[in-house]
Amino acid sequence: MTETEVEAFQRGLREANGYRTDPGRPRAALDRAFGRFDAWYYLRLLGVLWRANGAARGGAMSERAWAAVSLSYLRLLEGVGARIEVAGLEHPAAAGGPVVFVGNHMSILESFLLPAILLHFNRVAAVIKESLVRYPLLGPFAKATEPIVLGRRNPREDLRAVLEEGRRFLEAGRSVILFPQATRSAVFDPSAFNTLGVKLARDARAAIVPLALKTDFQANGALVKDIGPLDRSKAIRFRFGPPIEVGANPKDANLEVVRFITAALKDWGCPSPA
């Protein structure tokens, strides 16, 4: 992915405050031939990760290099039939500085796609689980993006890592992406959505931008969670909401985020928890 392609994509995001896959966009001949097979998707994904791993060998990942990897993944998805829709980018733009993006978590897709969407505002730091930095190919790349890593063995230590490192990043002008759920799920359960994101925003005196997403185009796998079947009938959707200032009670702000996500998922026809 060239710098010109990244710049053109980001310019389009700014001008439209969103993105929608062009149904008339030409697809490569190999994608037209093999894009209906999941194996083709995972083979091409290995190629993206191989190039990302190479870019990460020099140390910290530059914004441009990270955005290029993320955009390569977006094009990969479109090449196998995905329809991607992004709306509401005027809201993080209106914040005028680093924010805490707080959203639901469906699959690994959002972790790969959000940098391409958000890096034209400012640098971002994702809160990720420790196992991701140990994966072959993916690990060195994930580590080079300088994330906030959670071990998930000691909740108190994880809380301290998010609050301390997150505040440091925000004060340095870097937004934080956080999914306050215990695990990824195609069904959004508000009872499993904790207040970690709003606590970080309150402590760092930053605004929250709620994020609703629908990424069940790739289902979670039965044996390996990050390798699941593709459902090409499902669109990939991201919707950003207006910034929320956290007052004295973080639970009120968290409830606003939950309401935003719930409403968006209802609009998209997603199932509710029983």
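Summary of the structure given here.

Analysis parameters
- Residues numbered from 1 in each chain as written.
- Predicted model: local features only at pLDDT ≥ 70, side-chain atom pairs only at ≥ 80, totals over all residues.
- Heavy atoms only, no water.
- Helix = DSSP H or I, 4+ residues; strand = E, 2+ residues; numbered from the N terminus.
- Rg over C-alpha atoms; globule rule 2.2 N^0.38 Å.
- Buried < 20%, exposed > 50% of the residue type's maximum accessible area, 1.4 Å probe, protein only.
- Contact = heavy atoms within 4.5 Å.
- Salt bridge = Lys/Arg side-chain N within 4 Å of Asp/Glu carboxyl O.
- Polar contact = N/O pair within 3.5 Å; in protein donor to acceptor, adjacent residues only side chain to side chain.
- Axes fitted to C-alpha atoms, helices over the stretch in contact; angles between N-to-C directions.
- Parallel < 35°, antiparallel > 145°, perpendicular 65-115°, else oblique.
- Left-handed = near helix turned anticlockwise from the far one by under 90°.
- Nonpolar A, V, L, I, M, F, W, Y, C, P; charged D, E, K, R; others polar.

## Thoughts on the overall build of the protein
Piece 1. Tallying secondary structure elements over the protein gives ten helices and eight strands in all.
Piece 2. A globule of 274 residues ought to have a C-alpha radius of gyration of about 19 Å, and the protein, at 18 Å, matches this closely.
Piece 3. With the C-alpha coordinates of the protein rotated into their principal frame, the extents come out at 55 × 45 × 40 Å.
Piece 4. In the protein, buried positions account for 51% of the 274 residues.
Piece 5. Taking the contacts inside the protein whose residues are at least 6 apart along the sequence as the reference set, 78% of them involve residues at least 24 apart.

## Things to note about the pattern of salt bridges
Piece 1. This structure, assessed with the given rule, holds 15 salt bridges.
Piece 2. Notably, a salt bridge pairs R44 with D31, separated by 2.8 Å at the nearest N-O pair. Here R44 is found in helix α3 (residues 38-56), whereas its partner D31 is found in helix α2 (residues 29-34), with 13 residues between them in sequence.
Piece 3. A relative accessible area of 6% places D31 in the buried class.
Piece 4. The partner of E78 in a salt bridge is R75, and the shortest N-O contact between them spans 2.9 Å. One end of the pair, E78, and the other, R75, are both in helix α4 (residues 63-79), three residues apart, so they sit about a helical turn from each other. One exposure class covers both E78 and R75, and it is buried.
Piece 5. Three or more residues joined by partner-sharing salt bridges are found here, namely K214, D216, D231 and K234.

## So, unusual backbone geometry
Piece 1. Located in the positive-phi region is N17, a residue other than glycine, with phi close to 55°.
Piece 2. Positioned with a positive phi, R205 is a non-glycine residue whose angle comes to about 55°.
Piece 3. Note on placement: R205 falls in the loop between α9 (196-204) and β7 (208-214).

## Things to note about the environment of R27
Piece 1. Turning to its location among the elements, R27 is positioned in the loop between β1 (18-20) and α2.
Piece 2. Classification of R27 by relative accessible area gives partly exposed; the value is 32%.
Piece 3. Separated by 164 residues in the primary sequence, R27 and S191 place their C-alpha atoms 42 Å from one another.
Piece 4. Within polar-contact distance, the side chain of R27 engages the backbone oxygen of D31 at 3.2 Å.
Piece 5. From its side chain, R27 meets the backbone oxygen of G79 in a polar contact 2.6 Å long.

## A word on the packing of helix α8 (residues 155-171) against α9
Piece 1. Running from amino to carboxyl end, α8 crosses α9 at an angle of 45°, the nearest separation of the two axes being 9 Å. Overall, the two elements α8 and α9 adopt an arrangement that is oblique. Two packed elements cross with a definite hand, and for α8 against α9 that hand is right-handed. Residues L159, V162, L163, G166, R167 and L170 of α8 pack against L196, K199, L200, D203 and A204 of α9.
Piece 2. Classifying every residue of the contact of α8 with α9 gives seven nonpolar, one polar and three charged.

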